[in-house]
Every structure is written in structure tokens, then in C-alpha cells.
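Structural features, examined
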Amino acid sequence: MGYAIETFDPEIFEAIQSELERETDHLEMIASENFTFPEVMEAMGSVFTNKYAEGYPYKRYYGGCEFADKVEQLAIDRACELFGCLYANVQPHSGSQANGAVYAALIKAGDKILGMDLSHGGHLTHGSKPSFSGKNYQSFTYGVELDGRINYDRVMDIAKIVRPNILVCGASAYAREIDFKKFREIADAVGAILFADIAHVAGLVVAAEHQSPFPHAHVVTTTTHKTLAGPRGGMIMTNDEDIAKKINSAIFPGLQGGPLVHVIAAKAVGFKHNLSSDWKLYANQVKANASKLAEVLISRGYDIVSGGTDNHLVLVSFLNKDFSGKDADAALGNAGITVNKNTVPGETRSPFVTSGIRIGSPALTRRGMKEKEFELVAHKIADVLDDINNSTLHAKIKEEMKKLARDFIIYTKPIY
Ligand code: DSN
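Residues numbered from 1 in each chain as written. Predicted model: local features only at pLDDT ≥ 70, side-chain atom pairs only at ≥ 80, totals over all residues. Heavy atoms only, no water.

Remarks on the overall build of the protein chain
Looking only at helices and strands, one finds 16 helices and 15 strands in the protein chain. In terms of overall dimensions, the protein chain is globule-like: its C-alpha atoms have a radius of gyration of 21 Å, near the 22 Å expected for 416 residues. Expressed as lengths along the three principal axes of its C-alpha atoms, the size of the protein chain is roughly 60 × 60 × 35 Å. Nonlocal contacts in the protein chain, meaning residues at least 24 apart in sequence, comprise 73% of its contacts between residues at least 6 apart. Counting every atom, the protein chain has about 17,400 Å² of accessible surface; 52% of that belongs to carbon and sulfur. In the protein chain, the 44 positive side-chain charges and the 50 negative ones have mean positions that sit 3 Å from each other. (Helix = DSSP H or I, 4+ residues; strand = E, 2+ residues; numbered from the N terminus. Rg over C-alpha atoms; globule rule 2.2 N^0.38 Å. Contact = heavy atoms within 4.5 Å. Areas by Shrake-Rupley, 256 points an atom, 1.4 Å probe, with all protein chains shown as cover. Lys, Arg positive; Asp, Glu negative; His and termini not counted. Charge placed at Lys NZ, Arg CZ, Asp CG, Glu CD.)

Written as C-alpha cells, this is what we have:
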């Protein structure tokens, strides 16, 4: 193939090659993962990795930033066009960094944040105690009801007791549409800033396949690699000039040093894909595929949290089964289907064992799979779960899934 890395560092090259084979031969169904575009990978591997560019476009602390300025401004402009907002900071290295910057910019240590409980589908950075967000701030949680849905009246009741400085909405394992308008009403009732973390559903939001957090949220964060299928990274958006200025200072010099200009270039390339007319078709198919998955699993007797899905993921509960999420994750892995174990509402097992799995449709949809393939895969998932200790069956299904996966090749080489 002629890659320099192949001869210079065969150990790393072999790992990259093996990862390509793993990604090619397995069915990737982790709801937060996706396959980015070869053009995005080209930008990530570009000479911009060499450049320091502390500061913001046209206001840098180093010389030689004229082309870095150009790519960052393009990324900002495309992000604003995509989400219909006025200000975007495209420098956060990750979603967690973005969320950390929101708190650092808008509240002080010891202030109160109210976010969704991690075990109910929230995120570590929404106030979970082991995270900086639960250590540096007084954090409180709301959750879902036993029907798996957020009860907005109950969130209002909790908010009135807690009186948070920031109300966080957005989730990592919630299959229903998030009502940003209702969250804003709650935030307004208690004088809180509404912060929407749309990392999971951003790719649906930009295609109008999920309600937009604008104009309701004061500040919005996302990652760029999940349903957006861009490079791994984060971003912060707002329509408020004062908040935008505070966010910029919180990212640099507050939390980060030099921005990753190669990743910012890749974000811009990803946004160009997201702005294309094809994106709406992709986002619509992501939802149709997740619905098909839920429909088949329900027909096979599986308990789907909230009874279905409005988005890109399905949460399956094994509370009524004698096996755990960990068992299911391992058995499906042996059958060539990659998912993750997940806690479910009413959880009785530890977070390392859990009573559920989270299954997502974004990655296989990027490979071109539609309802027909998702119907087949959903039945295979049910076959594995119905016979969770049958390793011979799992090995047989693994071969079948490999064959299916190879009909939907996405990358032809390990490095672009
Ligand atoms: N790790 C991500 C997820 O899987 O949802 C959240 O950051």
C-alpha cells in the first residue's frame, strides 16, 4: 500500500490495520459511534497538526496563522449556518471539555446545577459525583419515570426545590425526543440558565429530525463525532453575545491552550457534509432504522424502555430476565454485534453489570443499511439473547454478520 508508517512503525500500523478489519467485519451498534468521512480523515491527517494558534480567528498569539484563521472561521460560519445560531466556539477538544467550559464561563464553584441522573440516561458531566461537574458544583438530579420518560412536571417540582443556577438537558441514553421548550419554561420559572447538551441527537437536529434547542436554550454543546459523523471533538453554541464572550474566554485561556487546528479543519469538512441535501435522508434513515430495531425486539418479547424510540437509539431492559446487560453485551460481541451495557430505569444491578443494553443505528446507517437489514440484525440480536449461553450459535451468527457487514464496506484502506 506504501504508507510510511507501515515500515517506520509496523506495530502501530498493524494495530491500525486490525482496527480497520474489526470495523469492517463487526456490526457497530454503539449509539455514540459512527463512521466519519474519508475527507474528514484527510483533514485530520493534514499539516495543520503542526500549527499553534492560541486565540481566535484574526486575534492570535502566534504568527503564521493566516490559514488557521481561514479554516476556523469556515468551521464557525458553517456551524452557525447548520444550527441556525449566531455564535459558535469550535475549539473544545471534546464534549466534556465543552461542558466544563460552560460551567466555568457561567457559574462559580459551589453553585448549583441540576441535570439528568447518569443512571437514568444522563452524562457524567451533567453533575455526576465522580466528575468535575459533581465535585466543583453542588449537583442535583432529575430522572425518568418507570415508563422510561422524563416527566416535565416532576422536573419543574425538583427545580423549584433545588433552584439551580444551571439546568442541564440532554442525555446519553434516552430514546425519546427532548422537549427544549418545556425545559426553558422550567429554567425561567426558577431563574436558571438552560444548557442543552445535544451531543447524541445533533445530527438529527440539523436535519430537523429532532426539535432544535434554539431558540430555547441559552447555551448548547455537542460533540461532532456521534450522529454528526464528523471528527472526534466538541463545540459550544449560543445566540447571546455576552455568553459567547464568556465561553470563548473559558475555553482559551481558561481551560485549553492551542486549538487542534487539524481537527477544526476536519470539523469544517464534516459540517459541509451535514449541510448537504443528502444529510436529511441520512438522519431520516437513522430514525427509521432505530424504529425497526425497536419494533422487531418488541415483537420478540423484549422490554424496550419507554416502549420504543423517537431517535437513533433503543434501550433494552433485562430487569425481567435472569441475565444482565454485561452478559448480553458479551454474547452479542461474540456474535459480531457491538453494543454497550447500560443501566435502565429501576436498575437493580451495579453500573458495571447493569440490566440493559443500548443499541444505536447511526453507524450501520452510514454504511448504507436500511430497514431490511435492521430487521434481519434485530432478529439476530433476539436469537442471541434468547439463547445467551449458546456459544456455538453465537459463533455461527458472527459469520453471518461478517458476511452482511462485508456487503456494506465503508472504508477501503486504513488511512486516508
Ligand atoms: N461516551 C458517550 C456515549 O457513549 O454516549 C458519551 O460521552
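A word on the sheet that holds strand 14 (residues 340-342)
An order of 11-12-15-14 is seen for the four strands of this open sheet, with the pairing classed as antiparallel. Looking at the sheet topology across the chains shown, the edges are occupied by strand 11 (303-304) and strand 14. In this structure, strand 12 (residues 313-317) lies alongside strand 15 (residues 356-360), joined through five bridges in antiparallel fashion. Bridging from a neighbouring strand, Leu 315 pairs with Arg 358 of strand 15. Across the sheet, helix 13 (residues 325-334) touches strand 14 and strand 15, and the angle it forms with strand 15 is around 45°. (Pairing = 2+ DSSP bridges. Axes fitted to C-alpha atoms, helices over the stretch in contact; angles between N-to-C directions.)

Remarks on the pattern of salt bridges
Inspection of the entire model under this criterion finds 21 salt bridges. Salt-bridge contacts for Asp 310 lead to Arg 176; the nearest nitrogen and oxygen are separated by 2.8 Å. Taken together, the residues span a long stretch of sequence, with Asp 310 in the loop between strand 11 and strand 12 and Arg 176 in the loop between strand 7 (166-169) and helix 8 (180-190) at a distance of 134 residues. Residue Asp 310 is classed as partly exposed on the basis of its relative accessible area of 26%. Residue classification places Arg 176 among the buried positions, given a relative accessible area of 10%. (Salt bridge = Lys/Arg side-chain N within 4 Å of Asp/Glu carboxyl O. Buried < 20%, exposed > 50% of the residue type's maximum accessible area, 1.4 Å probe, protein only.)

Some words on the site of the ligand
If you check the shell around the ligand, you find Ser 32, His 123, Ser 172, His 200, Lys 226 and Arg 358 and nothing else. Ser 32 places a polar side-chain atom, nitrogen or oxygen, 2.7 Å from an oxygen atom of the ligand. At 2.8 Å from an oxygen atom of the ligand is found a side-chain nitrogen or oxygen belonging to Arg 358. Alone, the ligand offers 230 Å² of accessible surface; in the complex the protein occludes 63% of this. Among the residues forming the shell around the ligand, the class breakdown is no nonpolar, four polar and two charged. (Near = heavy atom within 4 Å. Polar contact = N/O pair within 3.5 Å; in protein donor to acceptor, adjacent residues only side chain to side chain. Nonpolar A, V, L, I, M, F, W, Y, C, P; charged D, E, K, R; others polar.)

Concerning the packing of helix 5 (residues 95-106) against helix 10 (residues 241-255)
Packing of helix 5 against helix 10 brings their axes to within 8 Å, and their N-to-C directions diverge by 115°. For the crossing formed where helix 5 meets helix 10, the hand is right-handed. Contacts between helix 5 and helix 10 involve Gln 97, Gly 100, Ala 101, Val 102, Ala 104, Ala 105 and Leu 106 from the first element and Ile 243, Lys 246, Ile 247, Ala 250, Ile 251 and Leu 255 from the second. (Left-handed = near helix turned anticlockwise from the far one by under 90°.)

Some words on the side chain of Thr 227
Along the polypeptide, Thr 227 turns up in the loop between strand 9 (219-223) and strand 10 (234-238). The buried category is assigned to Thr 227, whose relative accessible area is 2%. A distance of 2.8 Å separates a polar atom in the side chain of Thr 227 from the backbone oxygen of His 200.

Describing the environment of Lys 372
Mapped onto the elements of the fold, Lys 372 is located in helix 15 (residues 371-386). Here Lys 372 falls in the exposed class, since its relative accessible area comes to 66%. Sequence spacing of Lys 372 and Ala 173 is 199 residues, and the spatial spacing of their C-alpha atoms is 25 Å.

Re the environment of Asp 157
Mapped onto the elements of the fold, Asp 157 is located in helix 7 (residues 152-162). Taking the relative accessible area as the measure of exposure, Asp 157 reaches 47% and is therefore partly exposed. The sequence separation of Asp 157 and Lys 226 amounts to 69 residues, and the corresponding C-alpha distance is 32 Å.

Structural notes on the sheet that holds strand 4 (residues 87-89)
Two modes of strand pairing occur in sheets, parallel and antiparallel, and in both the strands are linked by backbone hydrogen bonds. The strand order across the open sheet built from seven strands is 4-10-9-8-7-5-6, with neighbouring strands paired in mixed fashion. In this open sheet, the two edge strands, each paired with only one partner strand, are strand 4 and strand 6 (138-142). Across the sheet, the mean angle from the axis of one strand to that of its neighbour is 20°, orientation sign disregarded. Alignment of strand 5 (residues 112-116) against strand 6, held across five bridges, turns out to be parallel. Paired with Ile 113 across the bridge in strand 6 is Ser 139.

Comments concerning helix 7
Among the residues making up helix 7, those that are buried are Tyr 152, Val 155, Ala 159 and Val 162. Angular distribution of buried residues about the axis of helix 7 spans 80°; they occupy a single face of the element. Across from the buried face of helix 7, at angles greater than 90 degrees, the exposed residues are Asp 153 and Ile 161. Tucked inside the fold, the buried residues of helix 7 contact strand 5, strand 6 and helix 8. Just downstream of helix 7 lies Arg 163, where phi reads positive at about 50°. (Arc of directions from axis to C-beta.)

Here's the deal with helix 15
Residues lying three or four places apart along an α-helix face the same way, a consequence of the helix completing one turn every 3.6 residues. Taking 1.5 Å of rise per residue, 16 residues should cover 22 Å, and helix 15 covers 22 Å from first to last C-alpha, within 8% of that figure. Among all positions of helix 15, only Glu 373, Phe 374, Val 377, Ala 378, Lys 380, Ile 381, Ala 382, Val 384 and Leu 385 are buried. (Expected span 1.5 Å × (residues − 1).)

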